[in-house]
Amino acid sequence: MNYLSVEGLSKSYDEKKLFENITFGLDQGQKAALVGVNGTGKSTLMKVIAGIEAPDKGIVSFRKGLTVSMLRQHPEFNEEDTILESVFSEDKEELNVIRDYELAMYKTETDPANAPDLSPILEKMDTLNAWEYEHQIKGLLGKLGIHNLDQKMKDLSGGQKKRVAIAQALVVDPDVLILDEPTNHLDLELIEWLENYLATANLTLLMVTHDRYFLDRVTNEIFEIEHGKIYRYKGNYSQFLEKKAERMEMEASSIDKAKNLFKTELEWMRRQPKARGTKAKYRVDAFHDVKAKAHSAVQTSKMEVNLKGERQGKKILELHHISKSFEDLNLVKDFSYVFKRREKIGVIGPNGVGKSTFLNILSQKLKQDSGEIEIGQTTKFGYYTQDETVFDPNKKVLDIVKEVAEYIELDNGSQVTASQLLNQFMFPPKMQHNFVGKLSGGEKRRLQLLRVLMANPNFLILDEPTNDLDITTLNVLEDYLQNFAGCLMIVSHDRYFMDRLVDHLFVFEGNGKIRDFPGNYTDYREKEGVPVAEMPKQEKTKVSEPVVEKPKGRKLSYNEQRELDQLDKDIPKLEAKKAELQESLLNETEYDKLQTISNEIKVIEGELEKKEMRWLELSEV
């Protein structure tokens, strides 16, 4: 049974065409996701379907009598409303009486002397058979951690507001549910609950999310927006990846065939007399169709991240008995740790236990109450914050990057201009001269990421880096971070992202306790078998062995400083030469040449080892 029909939908902003003439539908019980790179119009399409925005042309229609509900990517509330008023804002008779009942009960409990008369409300609850519905809503609010219904929206954090928005979308008991990035700003425990709820609920679902585990476990169909068109794939996200690869291969093969046919038809066209108006018109028309196909291309815009990172010395970052609290709330208590080279650490725990505070202490944005922090001389922080950087909307994209540098050094020792770097980050020349205010939320986050990475940090701190980034960008970022030569610390609700990257976890257990767990998030869940919020509280914090403080070294001489600067240039060149030789080794078949290349690689590896050891000696002086 068809629940939603989208026919011939088109939408543009200024000169930018988001999608054109797209048509698809959703059937009862279908659970679909919309994927595509940032800026292709996913959120806009969701708003058009929900009736929040109007299309340029086309029709959206739902089956008559259905309840349709939407969770927006950035929910908006009246800041003076209470949670109760926000959750029950939909004008539905059963919801109205349940809201009145909850408000009357709250007043009865808090001010018994002025308790309202419950009789008419109870009678109406009976008439509408709303008791079961009220019980379901109470259970839903409890699962979402919403208890103080009298609290004002202006007093809530971003994560708490997201919970209220989810409750608002679900209490209406929708037949069709539209979700735009439902996992943003939620902790891992709640994401897993929502994932299970949606997978088992009897409803029709259309959502946008970058959470690949979520996609795999909830959806049975994927719609992809690409270059203004929509492609449909049966199955979950893993099956979509396989089928998309097949489609791309078929398209490439089709274009190759069209190119061969184009050559033949072009020769025929050239042989025909120009003045002959009666020559085979059908073949002329076919020629132009073939020409268009042959000159099309399988467009695969992909972000490239090959920025240089500063090398690390022996001492990176040492924490000695760090503590931090706000009034009576302990966030970090007597925590010690010595960071090692190339460490990749995930940070998990419920919202509000101090994860972001901890990151701010590490990056020196916030002062600890007690304890000592020692930072290595070569350590250079890069901090990608959870909050979107506020760029001047009237500045051009290119100018935003030029504020940091006109030329940027890559990991192979070469340099690129700010414009070339933007192109690698999927900001083509035309977009570089657009104003920042015209960028989508995901494009602004990608620009923010670029600004952090181009400073060449060797200790990266990423606080919710997956929010608003598309899956394509995340895949490239993951590849870069896997090979990142510095230290990495991640706070993320994206379980796939964490599983792929981290070696161990800092688990925030509440009351300032931080536990070091060896393994990724899936390892942790399998071993613990309990949600993060319900972890045992008696576990002692692991404290690293105290490090004996070394006396401060002398300053480098002029010649030593020159030698260190030269090493910074020589080492990347040797690494690039080694990579080039290894590549040629794969394509060589003659034994003598293979032997020669292998010997060259060994010589370079020996030089690299010597230079790296000397670099470490000098960097520690």
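By convention here, each chain's residues receive numbers from 1 onward along its written sequence. Reporting of local features is limited, given that this is a predicted model, to residues whose pLDDT is at least 70; pairs of side-chain atoms are given and counted only at 80 or more, and all residues count toward the totals for whole chains, interfaces and linings. In computing side-chain properties, one takes all heavy atoms of the structure into account and sets aside hydrogens as well as water.

Visitor: Would you mind going over the overall build of the protein in detail, with residue names and values included?
Guide: Segments assigned H or I by DSSP are reported as helices when at least four residues long, segments assigned E as strands when at least two residues long, and all are numbered from the N terminus. For the protein, the count of helices and strands is 20 helices and 20 strands. Out of the 621 residues in the protein, the part that is buried amounts to 46%. The criterion used for residue contact is that any of the two residues' heavy atoms lie within 4.5 Å. Summarising the internal contacts of the protein: among those between residues at least 6 apart in sequence, 70% fall at separations of at least 24. Accessible surface, the protein: about 31,800 Å² in total, of which carbon and sulfur atoms supply 48%. Throughout this description, buried means an accessible area under 20% of the type-specific maximum (1.4 Å probe, protein chains only), exposed means over 50%, and partly exposed covers the range between. Only the protein chains shown count as cover for residues, and all accessible areas are computed by the Shrake-Rupley method using a 1.4 Å probe.

Visitor: Describe the sheet that holds strand β2 (residues 16-27), with residues and values.
Guide: The strand order across the open sheet formed by three strands is β2-β1-β4, and the pairing between neighbours is antiparallel. For this open sheet the edge positions go to β2 and β4 (57-62), each flanked by a neighbour on one side alone. Direction aside, neighbouring strands of the sheet carry axes that sit 15° apart on average. Relative to β4, strand β1 (residues 2-13) runs antiparallel, the two being bridged by five bridges. Within β4, the position partnered with Glu7 by the bridge is Ile59. Note on method: axes are straight lines fitted to C-alpha atoms, helices fitted across the in-contact stretch only, with angles between N-to-C directions ranging 0 to 180 degrees. Sheet strands in contact with helix α1 (residues 42-50) are β1, β2 and β4, and its direction is about 125° off that of β1. Following DSSP output, two strands are said to pair if at least two bridges run between them.

Visitor: Can you break down the packing of helix α3 (residues 93-110) against helix α4 (residues 119-127) residue by residue, with the values?
Guide: Look at α3 against α4: their axes get within 10 Å of each other, and the N-to-C directions meet at 145°. Note on packing geometry: the crossing formed by α3 with α4 is left-handed. Here Glu93, Val97, Ile98, Asp100, Tyr101 and Ala104 of α3 lie close against α4, whose contacting residues are Ile121, Leu122, Lys124 and Met125. Residues are grouped as follows: Ala, Val, Leu, Ile, Met, Phe, Trp, Tyr, Cys and Pro are nonpolar; Asp, Glu, Lys and Arg are charged; every other residue, Gly included, is polar. Among the residues forming the contact of α3 with α4, the class breakdown is seven nonpolar, no polar and three charged. Handedness of each helix crossing follows the sense of rotation of the near helix against the far helix: counterclockwise by less than a right angle gives left-handed, clockwise gives right-handed.

Visitor: An account of the confidence of the model for the protein is requested, with residue identities and associated values reported.
Guide: For every residue, the pLDDT score states the predictor's confidence, bounded by 0 at the bottom and 100 at the top. Of the residues in the protein, 84% reach a pLDDT of 70 or more, and the chain-wide mean stands at 82. When mean pLDDT is compared element by element in the protein, strand β7 (residues 204-208) scores highest at 95, while helix α10 (residues 281-294) scores lowest at 55. Low pLDDT, under 50, characterises residues 530-553; the predicted model gives this stretch 38 contacts beyond four residues in sequence or across chains.

Visitor: So, unusual backbone geometry: which residues are in play, and what are the values?
Guide: Within the chain, Asn21 stands out as a residue other than glycine whose phi angle is a positive 55°. By the secondary structure assignment, Asn21 is in strand β2. Not every positive phi belongs to a glycine, and Met426 is a case in point at roughly 65°. Relative to the helices and strands, Met426 is located in the loop between α13 (418-424) and α14 (429-432). You can call Met426 buried: its relative accessible area is 12%.

Visitor: Report on the pattern of salt bridges, specifying residues and quantitative values.
Guide: The salt bridge criterion pairs a side-chain nitrogen of Lys or Arg with a carboxyl oxygen of Asp or Glu, the two atoms within 4 Å. Going through the model one piece at a time under the given rule, you end up with 28 salt bridges. Ionic pairing is found between Lys234 and Glu221, a salt bridge with its closest N-O pair at 3.2 Å. Highlighted residues: Lys234 in strand β9 (residues 229-234) and Glu221 in strand β8 (residues 221-226), separated in sequence by 13 residues. Between Glu509 and Arg515 there is a salt bridge, with the nearest N and O atoms lying 2.6 Å from each other. Look at the salt bridges and you will find they share partners, linking Arg212, Glu478, Asp479, Asp494 and Arg500 into a network.

Visitor: Residues and numbers for the sheet that holds strand β20 (residues 513-518), please.
Guide: The strand order across the open sheet built from six strands is β14-β17-β18-β12-β19-β20, with neighbouring strands paired in mixed fashion. Of all strands in the sheet, those with a lone pairing partner are β14 (381-384) and β20, marking the two edges. Sheet twist, expressed as the mean angle between neighbouring strand axes with direction ignored, is 20°. Sheet strands touched by helix α15 (residues 441-453): β14 and β17 (459-463). Its angle to β14, the strand with the most contacts, is close to 170°.

Visitor: Give me the environment of Gly346: which residues, what numbers.
Guide: With respect to the secondary-structure elements, Gly346 resides in strand β12 (residues 344-348). Along the primary structure Gly346 and Tyr521 are separated by 175 residues, whereas in three dimensions their C-alpha atoms are 8.1 Å apart. Filtering out sequence-adjacent residues up to four positions away, Gly346 remains in contact with Ile490, Met498, Val502, His504, Leu505 and Phe506.

Visitor: Which residues make up the packing of α3 against helix α5 (residues 131-143), and what values go with them?
Guide: A pair of packed helices is characterised by two quantities: the angle between their axes and the separation of those axes. At their nearest, the axes of α3 and α5 sit 10 Å apart, and the two run at 70° to each other. Comparing the axis directions of α3 and α5 gives the class roughly perpendicular. Here α3 runs over α5; the crossing is right-handed. Within the contact between the two elements, α3 uses Glu94, Leu95, Ile98, Tyr101 and Glu102 and α5 uses Trp131, Tyr133, Glu134, Ile137 and Lys138. Of the residues contributing to the contact of α3 with α5, the split by class is six nonpolar, no polar and four charged. Any angle that falls under 35 degrees is termed roughly parallel, while one over 145 is termed roughly antiparallel, one within 65 to 115 roughly perpendicular, and all others oblique.

Visitor: Tell me about empty space enclosed by the protein, and please be specific about residues and values.
Guide: Any residue with an atom within 4 Å of a point lines the site, the site being either a cavity, points on a 1 Å grid over the protein atoms alone where a 1.4 Å probe fits but cannot get out, or a pocket, an open set with protein on both sides within 12 Å along at least 5 of 7 lines. Grid points are joined across faces, edges and corners, and a volume is the space filled by probe spheres set on the points. Counted under the stated rule, the structure contains one cavity of 30 Å³ or more. Looking at the largest cavity, the residues that line it are Leu186, Asp187, Leu188, Val347, Ile348, Gly349, Asn351, Lys355, Glu464, Val491, Ser492 and His493. Broken down by class, the residue content of the lining of the largest cavity amounts to five nonpolar, four polar and three charged.

Visitor: Tell me about the layout of surface pockets, and please be specific about residues and values.
Guide: Within this model, the second largest pocket holds a volume of roughly 1,100 Å³. Ranked by the residues each element gives to the lining of the second largest pocket, the list is headed by helix α6 (residues 158-170), at seven residues. Looking at side-chain class alone, the lining of the second largest pocket contains eleven nonpolar, 19 polar and 14 charged residues. For the domains described, the bounds stem from an automatic or database domain assignment. The residue makeup of the lining of the second largest pocket includes at least three contributed by each of domain 1 (80-157) and domain 3 (317-528).

Visitor: Can you lay out the environment of Leu421 for me, pointing to particular residues and giving the numbers?
Guide: Within the element layout of this structure, Leu421 appears in helix α13. Between the C-alpha atom of Leu421 and that of Met454, which follows or precedes it by 33 residues, the distance is 9.0 Å.

Visitor: Just give me the short version of the pairing of strand β10 (residues 317-326), but keep the residues and values in it.
Guide: With seven of ten residues buried, β10 lies mostly within the body of the structure. Two elements, β10 and strand β13 (residues 370-375), share five bridges in a ladder whose sense is antiparallel. Directly across from Leu317, in β13, lies its bridge partner Ile375. Taken together, the six bridges between β10 and strand β11 (residues 329-338) define a ladder with antiparallel strand orientation. The residue of β11 that forms the bridge with Leu319 is Tyr337. Following β10, the chain reverses through two residues before pairing antiparallel with β11; Glu327 in that reversal takes a positive phi of roughly 55°.

Visitor: With reference to specific residues and values, describe the environment of Gly36.
Guide: Tracing the backbone through its elements, the reader meets Gly36 in the loop between β3 (31-35) and α1. For Gly36, a relative accessible area of 16% translates into the label buried. Considering only alpha carbons, one finds Gly36 and Asp470, 434 residues apart in sequence, at a separation of 6.8 Å. Residues in contact with Gly36, not counting those within four places in the same chain, are Lys42, Ile225 and Asp470.

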